Every structure is written in structure tokens, then in C-alpha cells.
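In case you want the letters, here they are:
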Protein chains: 2
Amino acid sequence: MTEAPTTAPEPYGSADPAAGTAGEVLAGYLAAQAGAFLRALPQAVGEAGSRPGALPASAAAAADLLRAVRRVGGALHTFEPAFEPAWAAEARTELRWLLDLLGQEPAYQRRADRLLAALDSLSDTAGDGPGILAGHTGAPKARALLERQLTLARTRAHSGLLQELRSARLHALADRMTLLAGEVPLEPRAARQSAEVLRPQAATALAALAEGTERLPLARLAAPYGGDGLHRLATVPPARGPVLDAEAALTAADAPWHRLRVLVKRARYALEVCGAPLDGLDGLDRVLHRHQEAADAALTAAAAARTPRITPATAYVLGVVHADQRLEVEAARYAFGHQWPNLQHHGWHAWATA
Amino acid sequence: MTEAPTTAPEPYGSADPAAGTAGEVLAGYLAAQAGAFLRALPQAVGEAGSRPGALPASAAAAADLLRAVRRVGGALHTFEPAFEPAWAAEARTELRWLLDLLGQEPAYQRRADRLLAALDSLSDTAGDGPGILAGHTGAPKARALLERQLTLARTRAHSGLLQELRSARLHALADRMTLLAGEVPLEPRAARQSAEVLRPQAATALAALAEGTERLPLARLAAPYGGDGLHRLATVPPARGPVLDAEAALTAADAPWHRLRVLVKRARYALEVCGAPLDGLDGLDRVLHRHQEAADAALTAAAAARTPRITPATAYVLGVVHADQRLEVEAARYAFGHQWPNLQHHGWHAWATA
């Protein structure tokens, strides 16, 4: 299974998604995703039994698995009224569990890649130019510390995954997906035309996304270097009383952005189901992915700096790395602030408001 | 004396600067600057005898003094062929000495203001939103350390200034400026028309500025968040062999930018002498001033982090502050990259190439 193309293969209204009933469209989409899930599962599970840091083949299988899980979960959420409620709620809970479980190890791997690459770039002594940590004595120490801590976290995630992959819970979920590949528990309204049932739900997903962006300071973000990722983090009024913990403050300030990423994914999968044009949404998804990864990496650097008995030089380097990742957060917000207004002119906006 | 207006009061060719001889124009300009120098000197010197951290009145006098010193020095450099060579070379040496001497104390003051404001903003717990150091235990310690070190540096600069202000050297320079207010030692060619003598020299100053910008990666800087201030610092090929000292590498990488600031000032003062339009050059001057201040502040934060026996928390905060100031450096470069190409359409470019 390959990643979804940036535009739907067929414009809405000319092909299957618009022609059939809502049930036919949903069953077709979910069967395809469940099939992808079932094809990827053995390889992802089999390889997961090997050493941490999976081979490319199994990493690709795990990515395929995650992709299918996200799409099935997204469809069950957005088109909820079309499904048998108890079944859909249970399925979504199980899919979220697997998503968390599968996502941890690659996330730690990506975080290590990101932080070590940032550190190497900041302490680079040649090439396109030296970084601000060039030759700093703390750089190798900080690198070793980050690598050690992230390897440990990844190993733990791997062990946790191994246990769960042999669990009855995963087998039950696999059975559930096998069922989904053949038959989807639908409500009677799913027998109506897809345009009548699916389109309003997809429009709701898009409206939720638009609403999510309204809480963000997009006007301020239009100018670069506003310090949004380092200073002035909160996009919502701070909680009553002074914020005394930078990490909690950061988490609260970043939350609307992380939430937005979920809304973008949901909107994207909803349009995919409907065969509507997706242009731009995958770009937003990438930008918000980068935002999340940089925000998580910044927290990891900050946490590493609290390791007992590190030298001041190590801590100093981690401070630079932390700020550098927050700069990435700011850059991602700036990119979002420029991409989002342009999207309003795109096909899906017209489609949703038609 | 007020700061020079953004555009010259009279367009070139309609008023004195173009009508008289080069000698008349230069003598008029230098007499006005020497007069400003002599008016500001007693107040700047008198107040400098008081405690460090001068009063606003004396700070204004010192600023007036610096402004006149820069303009006289700039005119002597740019229009060098019009002056008696030995006299001009000696005068420039003495003006540079005074510029360094007077500039130190206010520079330390500005650096303290900048770094403490950055730290306060980064550790802000409320208002427009918390910073990434909100509630961090190292923030008050790092603040106290920076304040202590910069107060010490400022006090030393103040003591040095006090000694020199009573020196025979300053009295000789004051005498020189008194002479300049009445009579300027000119070469015979200064008797020619100003357009014939001054304009080619001003055009040379502008060409030097244009040449200085050609060594910078302006195309790369056109996109924000390129990491130019933190990663990839060098705009010139690094010295042979690996760069092992971040500070030396930084200094080398920032040097073309600091040099550019000198070239902007020279071009600005040269156009001022000629009564040509200045539009945009004062904006470039401000941007490059911000660049220099942030680069110097970053070095100060890095140096403070090398203080023996500081805690890891303090060092960590200084690392964040260092990176934050380098982000300012990057933001200034981005701003320059956007302002410079626009300047080509401005009046002075047409004037210089007419």
C-alpha cells in the first residue's frame, strides 16, 4: 500500500464514491484499509520479535499498519452516524490502543535521529559553515546522553510492544479487521446515497479544522521570527495564577497545535473516503507532524538537562538544542500560517461549501 | 542635534551640496559636525565623571558626540582625496580611538538590557504566554550572573573612560575639532565643483556596499528559518583545517556582516554630505545594528556559561539565551535579505548610477 496521492484519483461526482450508497462507499474504503492492515500485520509483528531498531522492511510494514489503523479510525469517527454505535466505539478504542502501541518505538527512533542530527549540525565544524556549538566540549557528552536515554526509551517501548503483540487483545483486533474486510456493521441510514450522508459529515470534519485554526494567532504568525516558539508560547489564556512549570506551560501552549494535527488527519481521511480533492491537506499534515516532532524533541532535550550529575557544559549544549527545536516549532507554525489561508482557495473548500 | 532624516532635506542638484565647490560642501558639513561635537563634549565629559550608568541627559550628549565622530570619520574616509593626507589620516586615528572609548559603556548597558529582557521574556510565566524557561530554577541564577558580569564590564569601561577624558589626547582632539569648525585642510582638487569631486567618491562608497552584500547568501536568506544564525554560520569558506573553537568560528562567520554595517554607515554619511536621497539606508543601518548587538550578546551568554562552578541549571539557561540571541542574528539577516534588493529601486541607486 502506498501513501495517498496529494489529490484524489477521481474528482468527486464522477466515480464510485459519489455514485453508490453511503454504505457501499464506506464498506469499500474500510475493506481496502482492513486488507492493508491484514497484509502488513504478520510482517510488522514477526519483525518486531527481532532486535529493536527494526529493519527497513518491517519499518515499512509497521508504517503501512499505522496508516491503515489511522484511516479506519478516522472513518469510524467522522462517519459515526452511519455505523452501529457500540461496535464503532469499541473498534475505535482498540485502534487507538494499537496506534499508541505501534507508534512509540518509531517515534523514539525519529526523535533520536532528529536530536542527534540537530546536535551534529549545531556542532559542525566545516562544510557549509560551523554551528554555534562547533568544538564545544559539552557537545559529545550531550550527544552520548541523549543517545543513551532515547535508546533506553526505545528498548522499553520495544519490550512493551513485544508483550502486547502476543496478547489476546491484538488477536481480537485482527479478527475484527478480518470481519471489516468482508462486512461493516452499518446503520439503516447508510443505505441512502453517499452524497446525502457522507458529504455533510466530511464538511463537519472540515469545519472542525477551520474552527481549530481560529484559536491560533495566524495573523501574528504571518511575520517570521516572532519568537512564537520560544517566547509567547500560549495561544490560549494561561491558567489561573502564575504558570510555574515550563513543561506544563509548553504542553498547554502546544496543545491546540497537536489537536489541529488530529483534525487535519481526520479531514484528510474524510475527503479520501468521499473521493474529494485533498490538495494542500497533506502539506498541512506534514507541517504539523514536524511541529509535533520538534515540540517532543524539545521536551526530551529539556528533560535530559535535568539528569543528575551532568556537567554545566552538557547542560549548556542541551539548552541550545532545546531552543533550536523550539525554533523548529516556530518555523512550522510560520509555515502553517502561510499554507492555511491559501487552502481556502483549494478544491476541497469549494467542495465542502458547494 | 537630531538624527539625520531618512531622506535628505534637499534633492541633489537643487541646493548647496551640488552648487558649491567640493571644498565648500565638505567644509560646511564638517563645520556642522564639529560644532555638534564641541557642544556635546562638555556635557558628555562632565556627566561621565558621575556614577556609571549615566543620566539620560548625558547619555543623549554621548550619543550626539558619537554621531558627530562617526560622521566626521566617515567623511574623511570617503572623500579622502579632497583632504590633506597626513592630517586626515591622523584625525581618523584619533576619532576611531574616541569612538571605541565612548562606545564601550553604552554598549555594555545595551547588552545587559538586551540579555536580561530576553531572559525575562523566555522565563515569563504569564501575559501573552509563558516562555520556554518559565519557572526554570536556573533562570534567576543566570540573570544574576549576567547582570553581575556586565555591570563589572561596564564599571571597568567607565573607569577607563574617566581616565582618558582627562588625557591630553582628548584635549588635542577637541582642539582639532575646533580648528575643523573654522578651517578644513583641503587639497587643491577640492576647489573643483562638488559634483565632479564628491559624487564619484560617494558612488565608490555605494559600490563597496554593493560588493559587500555580494559575499552574503542573500538568496538563501530570502526564506525564513533557514538556521543561518545557529547552523551554517560561515558565509565565507572556513579556514584551512577544522574549526575547533565555536567563538572563533562565529566571529569569522559574522565578520562580513559586521563589516557591512561599517559600509552602510559610510555610504549613508557620504550621501548625507552630497545631499543625496538616503532612503532605506537608515533601515539597513538599524537592521545591521540589531545584528551586531545580538551577535555580541550571544557571545556574552556563551562566555558566561564558561564561568567556573556554575550549576548545570544556570548553564542550561545560558544555552537557551545564547540560541535565542543567535535566532535574533538570523532574523536580522533575513530582514536584511529582504530590504537590500528593494533598495536597488530607491533614489540613491539612481543618483549614484546617474
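Rules used throughout
Residues numbered from 1 in each chain as written. Chains lettered and ligands numbered in written order. Predicted model: local features only at pLDDT ≥ 70, side-chain atom pairs only at ≥ 80, totals over all residues. Heavy atoms only, no water. Helix = DSSP H or I, 4+ residues; strand = E, 2+ residues; numbered from the N terminus. Contact = heavy atoms within 4.5 Å. Areas by Shrake-Rupley, 256 points an atom, 1.4 Å probe, with all protein chains shown as cover. Polar contact = N/O pair within 3.5 Å; in protein donor to acceptor, adjacent residues only side chain to side chain. Phe/Tyr/Trp six-rings, centres within 6.5 Å; stacked < 30°, edge-to-face > 60°. Buried < 20%, exposed > 50% of the residue type's maximum accessible area, 1.4 Å probe, protein only. pLDDT = per-residue confidence, 0-100. Expected span 1.5 Å × (residues − 1). Bend = angle between axes of the 7 residues up to and from the residue. Arc of directions from axis to C-beta. Axes fitted to C-alpha atoms, helices over the stretch in contact; angles between N-to-C directions. Parallel < 35°, antiparallel > 145°, perpendicular 65-115°, else oblique. Left-handed = near helix turned anticlockwise from the far one by under 90°. Nonpolar A, V, L, I, M, F, W, Y, C, P; charged D, E, K, R; others polar. Salt bridge = Lys/Arg side-chain N within 4 Å of Asp/Glu carboxyl O.

1. Brief notes about the overall build of chain A
Check the secondary structure of chain A and you find twelve helices and zero strands. From first element to last, N terminus to C terminus, chain A shows the α and β order α-α-α-α-α-α-α-α-α-α-α-α. Sequence separation of at least 24 residues holds for 81% of the intrachain contacts in chain A that already meet a minimum separation of 6. Accessible area for chain A stands at about 14800 Å²; split by element, carbon and sulfur atoms hold 57% of it.

2. What about the side chain of Arg266 of chain B?
Among the secondary structure elements, Arg266 of chain B is positioned in helix H9 (residues 246-274). For Arg266 of chain B, the contacting residues outside a window of four places in its chain are His77, Thr78, Arg92 and Arg259 of chain B.

3. Looking at the side chain of Ser123 of chain B
All names here are of chain B. Mapped onto the elements of the fold, Ser123 is located in the loop between helix H4 (85-122) and helix H5 (138-165). From its side chain, Ser123 meets the backbone oxygen of Leu119 in a polar contact 2.7 Å long. Other than its neighbours up to four places away in sequence, Ser123 contacts Leu133, Ala134, Gly135 and Ala139.

4. Some details on the packing of aromatic side chains
Across all of its chains, the model carries nine aromatic pairs over all chains by this definition. Residues Phe83 of chain A and Trp87 of chain A carry aromatic rings whose centres are separated by 6.1 Å and whose planes lie at 50° to one another, so their mutual orientation is tilted. Residue classification places Trp87 of chain A among the buried positions, given a relative accessible area of 12%. What links up through ring pairs into an aromatic cluster is the set Tyr225 and Tyr334 of chain A together with Tyr225 and Tyr334 of chain B.

5. Topic: the confidence of the model for chain A
Of all residues in chain A, 84% attain a pLDDT of 70 or more, and the chain-wide mean is 85. When the criterion is pLDDT under 50, residues 233-244 of chain A qualifies, and its contacts beyond four places in sequence or with other chains add up to 29 contacts.

6. A few points about helix H4 (residues 85-122) of chain A
The terminal C-alpha atoms of H4 of chain A lie 52 Å apart, and with 38 residues this matches the ideal 56 Å at 1.5 Å per residue to within 8%. The largest bend in H4 of chain A amounts to roughly 35° and is located at Gln104 of chain A, with the proline Pro106 of chain A lying one to four residues further along.

7. Some remarks on helix H7 (residues 194-214) of chain B
All names here are of chain B. Its 21 residues place the ends of H7 30 Å apart at the C-alpha level, agreeing with the 30 Å of an ideal helix rising 1.5 Å per residue. The set of residues buried in H7 consists of Ser194, Val197, Leu198, Ala202, Ala205, Leu206, Leu209, Gly212 and Thr213. Summarising the axial view, the buried residues of H7 lie within an arc of 155°, below the 170-degree limit, and thus occupy one face. Away from its buried face by more than 90 degrees, H7 exposes Glu211 and Glu214.

8. Comments concerning the packing of helix H11 (residues 312-343) of chain A against helix H11 (residues 312-343) of chain B
At a minimum axis separation of 7 Å, H11 of chain A and H11 of chain B run at an interaxial angle of 40°. As far as their axial angle goes, H11 of chain B and H11 of chain A are oblique. Both H11 of chain A and H11 of chain B take part in a crossing whose hand is right-handed. Packed against H11 of chain A, whose contacting residues are Pro312, Ala315, Tyr316, Leu318, Gly319, Val320, His322, Ala323, Leu327 and Tyr334 of chain A, the element H11 of chain B presents Pro312, Ala315, Tyr316, Leu318, Gly319, Val320, His322, Ala323, Leu327 and Tyr334 of chain B at the interface. Broken down by class, the residue content of the contact of H11 of chain A with H11 of chain B amounts to 16 nonpolar, four polar and no charged.

9. Things to note about unusual backbone geometry
Of note in this structure, Tyr225 of chain A is not a glycine but carries a positive phi near 60°. Locating Tyr225 of chain A in the fold gives a position in the loop between helix H8 (218-221) and helix H9 (246-274). Non-glycine residue Arg309 of chain B carries a positive phi angle of around 65°.

10. Describing the environment of Pro341 of chain B
Residues and elements named next belong to chain B. Within the secondary structure layout, Pro341 lies in helix H11. Look at Pro341 and you get partly exposed, because its relative accessible area is 37%. Separated by 123 residues in sequence, Pro341 and Leu218 place their C-alpha atoms 9.1 Å apart.

11. A word on the pattern of salt bridges
Counted under the stated rule, the structure contains 31 salt bridges over all chains. Put simply, Asp296 of chain A and Arg111 of chain A hold a salt bridge, and the shortest N to O gap is 4.0 Å. Of the two residues, Asp296 of chain A sits in helix H10 (residues 281-304) while Arg111 of chain A sits in helix H4, which places them 185 residues apart along the sequence. For Asp296 of chain A, a relative accessible area of 21% puts it in the partly exposed group. Judged by its relative accessible area of 17%, Arg111 of chain A falls in the buried class. For Arg71 of chain B, the salt bridge goes to Glu272 of chain B, with nearest N and O atoms at 2.8 Å. With Arg71 of chain B in helix H3 (residues 56-78) and Glu272 of chain B in helix H9, this pair connects stretches of sequence that are 201 residues apart. Here the two residues Arg71 of chain B and Glu272 of chain B agree in accessibility, since each one is buried.

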